Each structure stands twice: as C-alpha cells, then as structure tokens.
Amino acid sequence: MPALVLIRHSSPKIDPAIPSTAWGLTEEGKLRASELAKALSRWTPAAIVTSPERKAHETAVLIAASRAIPIVIDEDVKEHKRESAGFLPSVKFLLSIEQLLRSSHELVFGDETADEVFHRFERAIERQRKTTPNQDQFVVSHGTAISNYVGRVLDVDPVKLWHSLKSPTALILSGNGTIETLTPLGVSVR
C-alpha cells in the first residue's frame, strides 16, 4: 500500500506584524527543508499537495526541486483558521492549541473547530488518493492540522503529537498503523 507522507512545514520567520499565513521560511528553514527532501528520496509521489500558506508552499517547492514533480495547492490542507485570534504570546498560544485539540466539537479557539479542520483535511487526502491511488502521497501542511488528522486516524494523542513535531517533520503513515517520523536530524518509528 502506498504511504501517506504528511510534512509539517519548515521553520518560518515569525513576524507578529503580519498574518502567520504570510510568513516565509528562515534561511535555516530552507536548509532544513532541503535536507528533509533528501531523507524522503525513497518515496515516489506523483505530486506534492501543499497548503497555500507561504511557509508550507516554500517547503513544498524545496522538496519538489530535486524531483521534478508538480506542486498542487489545496485549500483544504491549510492550517486551522485562527486569523481572528491575532498573534498570541507563546504560553497562551500553546494553551489555546491544546484546548482546540481536546475540544474537537466546540469552537474554543480561532475560527473553526477541530472537527471542521479534520473533515476538510480528510477530504483533501481522499481526493489525492483517488487521483493517484497507487502512488505515495505527499502533503505539506501545518502542525495543528496534521496532529488533529493523525490523532483521529491512528487514535493517538493529538496534543502529544503536536508538541513532538519539529519544523520540518515528515510523518509517514503506512497501512500497518505505524508512524515513521523523519526530520533532517534523524528517523524514529512509533
């Protein structure tokens, strides 16, 4: 069975003066994305699906660069909508994400529930699987959206998973229910 490779974008330049959707990658983030691309060389996707957010799109471009494969932008794999919350101090942001991931049916943070994020993300994955059913699937997205999806699909704690994700990280989901985690620094299996 082909693998589903969910990639959290690389390290962004955090700028409280602009929306996080417009944050690009740092120079180190670009280097780390290129290193992750090398680690992903054993998988063969037909395309890389990416969030339209700049940090995710830039990560996808760097991963696709050595492969000559197309990039497909999909609105449904973007991050949890939270523009109305604005830029939050670190501790408040962490607590808000934890509350969101633990209160899936309620609107507790931002502009959509964790259920809404899950359903649109799931639709995007299913569309991609129908488009290229016999090939590995690469999706470049964001920590909250990925943790929310994987938490439900594999019945793992989404909060713990969210805290474990580095920028960038690739989670490789195989048919046997395991998660292989790849970062530019190494590999582990859960």
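In what follows, the structure referred to is the one given above.
### Some details on the environment of L4
Step number 1: Mapping L4 onto the fold places it in strand β1 (residues 4-8).
Step number 2: You can call L4 buried: its relative accessible area is 3%.
Step number 3: When the C-alpha positions of L4 and A170 are compared, they lie 9.8 Å apart, and in sequence the two are 166 residues distant.
Step number 4: What L4 contacts, discounting residues up to four positions off in sequence, is I125, R129, Q137, V139, Y149, L171, I172 and L173.

### Thoughts on the side chain of S51
Step number 1: For S51, the location among the structural elements is in the loop between β2 (45-50) and α2 (54-64).
Step number 2: In this structure S51 comes out as buried when scored by relative accessible area, which is 0%.
Step number 3: For S51, the side chain forms a polar contact with the main-chain nitrogen of E53, separated by 3.1 Å.
Step number 4: Among the polar contacts listed, one links the side chain of S51 to the side chain of H142, at a separation of 2.8 Å.

### A short note on the pairing of β1
Step number 1: A large share of β1 lies buried, amounting to 5 of its 5 residues.
Step number 2: In β1, alternate side chains face the same way, and those of L4, L6 and R8 on one face and V5 and I7 on the other are all buried.
Step number 3: With 5 bridges connecting them, β1 and strand β4 (residues 136-141) associate as parallel partners. Counted as the bridge partner of I7 is V140 from β4.
Step number 4: Here β1 runs beside strand β5 (residues 169-173); their pairing, made up of 5 bridges, is antiparallel. Across the sheet, the residue bridging to L4 is L173, located in β5.

### Looking at the pairing of strand β6 (residues 179-183)
Step number 1: When you tally the buried positions in β6, you get 5 out of 5 residues, the bulk of the element.
Step number 2: Of the two faces of β6, the one holding I179, T181 and T183 and the one holding E180 and L182 are both buried throughout.

### Looking at the nonpolar core
The nonpolar side chains of a soluble globular protein tend to be buried with one another.
Step number 1: By size, the foremost hydrophobic cluster in this structure holds 19 residues, and its most contacted members are L6, F121, V139, Y149, V150 and L171.
Step number 2: The leading source of residues in this core is helix α4 (residues 114-131), at 5 residues.
Step number 3: Setting aside anything within four residues of it in sequence, one finds V139 in contact with L4, V5, L6, I7, V49, V77, F121 and I125.
Step number 4: If you look at the next biggest cluster of nonpolar residues, it comprises 18 residues, including L36, L40, A170 and I172.

### So, the packing of α4 against helix α5 (residues 143-153)
Step number 1: Here α4 crosses α5 at 80°, and the two axes come no closer than 9 Å. The angle between α4 and α5 falls in the class roughly perpendicular. The segment α4 lies against α5, with A114, D115, V117, F118, F121, E122, I125 and R129 engaging A145, I146, N148, Y149, R152 and V153.

Rules used throughout
- Residues numbered from 1 in each chain as written.
- Predicted model: local features only at pLDDT ≥ 70, side-chain atom pairs only at ≥ 80, totals over all residues.
- Heavy atoms only, no water.
- Helix = DSSP H or I, 4+ residues; strand = E, 2+ residues; numbered from the N terminus.
- Buried < 20%, exposed > 50% of the residue type's maximum accessible area, 1.4 Å probe, protein only.
- Contact = heavy atoms within 4.5 Å.
- Polar contact = N/O pair within 3.5 Å; in protein donor to acceptor, adjacent residues only side chain to side chain.
- Pairing = 2+ DSSP bridges.
- Core = buried A, V, L, I, M, F, W, Y, C linked by side-chain atoms within 4.5 Å.
- Axes fitted to C-alpha atoms, helices over the stretch in contact; angles between N-to-C directions.
- Parallel < 35°, antiparallel > 145°, perpendicular 65-115°, else oblique.

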